[in-house]
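Overview (structure and organization)
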Amino acid sequence: MVDKELIQHEVVPPCKKDSNLRGKYHWYHSITGKVAIYLMLGILIAYGVGSGAGLFEVNRISHEQWFKQASTNSQITSYIIRNIYTSVTVKSNHEGQVISIESERPLCDDETVIQTGFDPADMLTLVSTQTHNPTWLLLYDKIKGFTDTRTAQKITAVDNTANGAALEEYYRGFVSIGGKEYFVGSIPIVNPSGELLGAVVSSIGERSALFATHNQLLRNTLLMLILILGITVVVVNWLVRNLFLPVPRLVQAVTLIADEQTDQVTPFQNQEDEIGELAKAIEKLRVAMVDRGYLQRMQEMAQKMEYMAHHDSLTLLPNRVAYRNSIDDRLLRLRTEGCIFTLLLIDLDNFKPVNDTYGHVVGDELLVESAIRLTNLLNDGDMAFRLGGDEFAILQRVNKDSIPEAEALARRVLEALSQPFICSGHTFSISCSIGISCAPRHGNTREDLFTHADLALYTSKSFGRNCFHFYSHGMTMNPSNNLLFSQEIEDGIRNNEFFLHYQKIISLGNYDIEGYEALVRWQHPTRGLLQPHHFISVSEDIGLITRLGEWLIRSACMDAANWPTAKTVAVNVSPHQLRSPRILDIIRNALQDSGLDPARLEIEITGSEQLDREIILPALNAIQALGVGIVLDEFGTGFATLDYLIIFPFSHIKIARSLIDVLDKCEDSQVLVGMLVHYALQRGLKVTAKGVETQQQYEFLASLGGEEITAQGYYFSRAVENASVVAELEKMESTCNL
């Protein structure tokens, strides 16, 4: 029957329909006949080839077994003869097979019988008992040839008619005895001078018995061939008729899958026959291709995340994360291979006035052009980085002498950045200040080299900028003018110059406040209000982040414990803090002293630095055991990649601000964020989008699953002081009571 799915829905005149159907009918049967003939011919050829190969293989294996059995019987025969006729000796080949028996007299003469007490017939009976087959003792005469000692019948080799002397040597093959053919193993008997006396022949069976298997296999093969051809005539035609209509559709389905068009469901899956099974198999293939495409997109996303983890999104230079990895790697090579290097810290002079006067667009163009000029100055083995803002760094490989090589590079940098810049139609000139530290002369650790290069940079700025200085012992900086001086941060903590702002986290489903993130600020006595990016990275580099982090955790717990409504509070913790053996005590003490429920505290782990599994994982497990939530911050950038969700006990992720920023501008970012959200929700994780600032960003995120996603950013609220949080929560509570 014609499948309904193949019938076009357009109106066709009856005569035209009949004509089309007749044409399809004749075409169908012609194709069916050809397919049936080709299929039967193919089966016949395939079965014939298979049968021939089987017969050949059976014949080969049979002969191998016959030869092995004949060798074994010959060994048994020679062993028994040696035990009966103690005066005889044997000769063996390299495989240990006896190939001749040496005796002074024929084994059947009277003197031999008297000496051994054995009649040859008894010996032959004993051998036949062991081999379960007949055995003969032959005498040799130059004229008569080989004759049986009992019947005097002549014995000849059947397989060697051209060589009548086959039995004169060790022989395995067919011989003719008494009108019958046997497959035997024959060992010649010779005297000490080498003259042939006779032979002892042991059989493994008659030819007719040995070839019975071949004949039976041949008969079975012919019967099966006839039966299969008969069945083929009946079945093939039925198969072709039933396959003809579905197969083109299924072929088309496979072709679409091959072309990666996997949006159409495979037809004919509801049939309860082979076509249905084939359709279901193709559907499994289609689903597998869909999953593969998803995994491929996830892999591409992981590659993008890996790139973003180590590169600045504006200048495309390696970022601070890559800088830390690179300098750690060079320090390792310094210790193991003696490869010295130089660190150059570069700060653009007068960048802030340009940025404030001409706007961020011009400022960004200036940074990009500066990065290009720095990259053009690099030699093999050198690397340039953007550490943040208008700060750059270069790791220079030293070939011979670090001082003159670093000085030459620094002069080229000064000259390159002093050339006029043209950005968005504006022309202006800037300069730069450079601080240089050489490893190992000025330090053997990342912190020492950075601090010393920064001291040298401060010296360059003090000398009027547009110059460079190497670090030298005794260099200091004015604590009131540089944040990298450790005593200044310690004084800030002691003098209560640091304080917390809180940014609320909103449920996209109902706009309820789910919690707040604690953000640290520094009211510097001379520089004014400073944001975290001005001092957090510096605190990590000089080793004060643990001290600052302890104050932050304790302060956030104290504030949250006094809120009128039990909302969660999230506190950022850097990997440096997690490596501290005191981190668990710091969190536990903050909870105990404040009385805050551990379930209301979340620890946010930034992805700016790679997490050491052996150290960080036990720390996170111990923190989670307290009942505290673990959040992976800036997911999608830095080292915060997909495998972290499997390795570490995160219960909550925050999608990076850099991905949210371009949601309304970049379709790839929308796909990436959608996949991240989908993957996290499938794993049962809470999801928060950071940096939401526009209506378009909010609407896109809400479309991904507003009931399950939270967000924070300027679109909802800026970070506010704790007093404002308390007032907001009190107002909400009073409204609910009404």
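Every value quoted in this text rests on a predicted model; they were computed, and no experiment measured them. (Residues numbered from 1 in each chain as written. Predicted model: local features only at pLDDT ≥ 70, side-chain atom pairs only at ≥ 80, totals over all residues. Heavy atoms only, no water.)

**Structural notes on the packing of helix H8 (residues 320–337) against helix H12 (residues 446–462)**
- Across the interface, H8 lies against H12 with an axial gap of 10 Å and an inter-helix angle of 115 degrees. With respect to their mutual orientation, H8 and H12 come out roughly perpendicular. Classified by chirality, the crossing of H12 by H8 is right-handed. Only Arg446, Leu449 and Phe450 of H12 make contact with H8, whose side of the interface consists of Arg320, Tyr323, Arg324, Ile327, Asp328 and Leu331.
- When its residues are assigned to classes, the contact of H8 with H12 shows five nonpolar, no polar and four charged. (Axes fitted to C-alpha atoms, helices over the stretch in contact; angles between N-to-C directions. Helix = DSSP H or I, 4+ residues; strand = E, 2+ residues; numbered from the N terminus. Parallel < 35°, antiparallel > 145°, perpendicular 65-115°, else oblique. Left-handed = near helix turned anticlockwise from the far one by under 90°. Contact = heavy atoms within 4.5 Å. Nonpolar A, V, L, I, M, F, W, Y, C, P; charged D, E, K, R; others polar.)

**Things to note about the state of the cysteines**
- Tallied over the entire structure, the rule returns zero disulfides.
- As a non-bridged cysteine, cysteine 432 has cysteine 467 as the owner of its nearest cysteine sulfur, 9.2 Å distant. (Disulfide = S-S within 2.5 Å.)

**Thoughts on the packing of aromatic side chains**
- Per the counting criterion, the structure on display carries 21 aromatic pairs.
- Judged by centre distance (5.8 Å) and plane angle (75 degrees), the rings of tyrosine 323 and phenylalanine 385 are edge-to-face. Here tyrosine 323, found in helix H8, pairs with phenylalanine 385, found in strand E10 (residues 383–388); they are 62 residues apart in sequence, far enough to count as distant.
- What makes tyrosine 323 buried here is its relative accessible area of 1%.
- According to the relative accessible area criterion, phenylalanine 385 is buried, its value standing at 0%.
- Taking the centre distance of 5.2 Å and the plane angle of 80 degrees together, the rings of tyrosine 644 and phenylalanine 648 count as edge-to-face. The exposure classification of tyrosine 644 matches that of phenylalanine 648, with both residues buried.
- The positively charged end of arginine 207 is found above the aromatic ring belonging to phenylalanine 174, 3.9 Å away from the centroid. (Phe/Tyr/Trp six-rings, centres within 6.5 Å; stacked < 30°, edge-to-face > 60°. Buried < 20%, exposed > 50% of the residue type's maximum accessible area, 1.4 Å probe, protein only. Lys NZ or Arg CZ within 6 Å of the ring centre and 35° of its normal.)

**Some words on a nonpolar patch on the surface**
- Residues Met224, Leu227, Ile231, Val234 and Val235 make up a contiguous nonpolar surface patch of roughly 430 Å² in combined accessible area.
- Tracing the sequence through the fold places valine 235 in helix H5 (residues 212–244). (Patch = residues over 30% accessible without salt bridge, like charges linked within 9 Å, V, L, I, M, F, W, Y side chains within 5 Å. Areas by Shrake-Rupley, 256 points an atom, 1.4 Å probe, with all protein chains shown as cover. Salt bridge = Lys/Arg side-chain N within 4 Å of Asp/Glu carboxyl O.)

**A few points about the sheet that holds strand E14 (residues 431–439)**
- An order of E10-E11-E9-E14-E15 is seen for the five strands of this open sheet, with the pairing classed as mixed. Edge positions in the sheet fall to E10 and strand E15 (468–470), since each has one partner strand and no second. Between one strand axis and the next, the sheet turns by 20 degrees as a mean value, whatever way the strands run.
- When strand E9 (residues 341–349) meets E14, the two strands line up antiparallel, connected through nine bridges. Its bridge partner lying in E14, aspartate 349 is registered against serine 431.
- Packed on one face of the sheet, helix H11 (residues 402–418) meets E9, strand E11 (391–397), E14 and E15 and runs near 165 degrees to E14.
- Contacting E9, E10, E14 and E15, H12 crosses the sheet at an angle of about 145 degrees to E14. (Pairing = 2+ DSSP bridges.)

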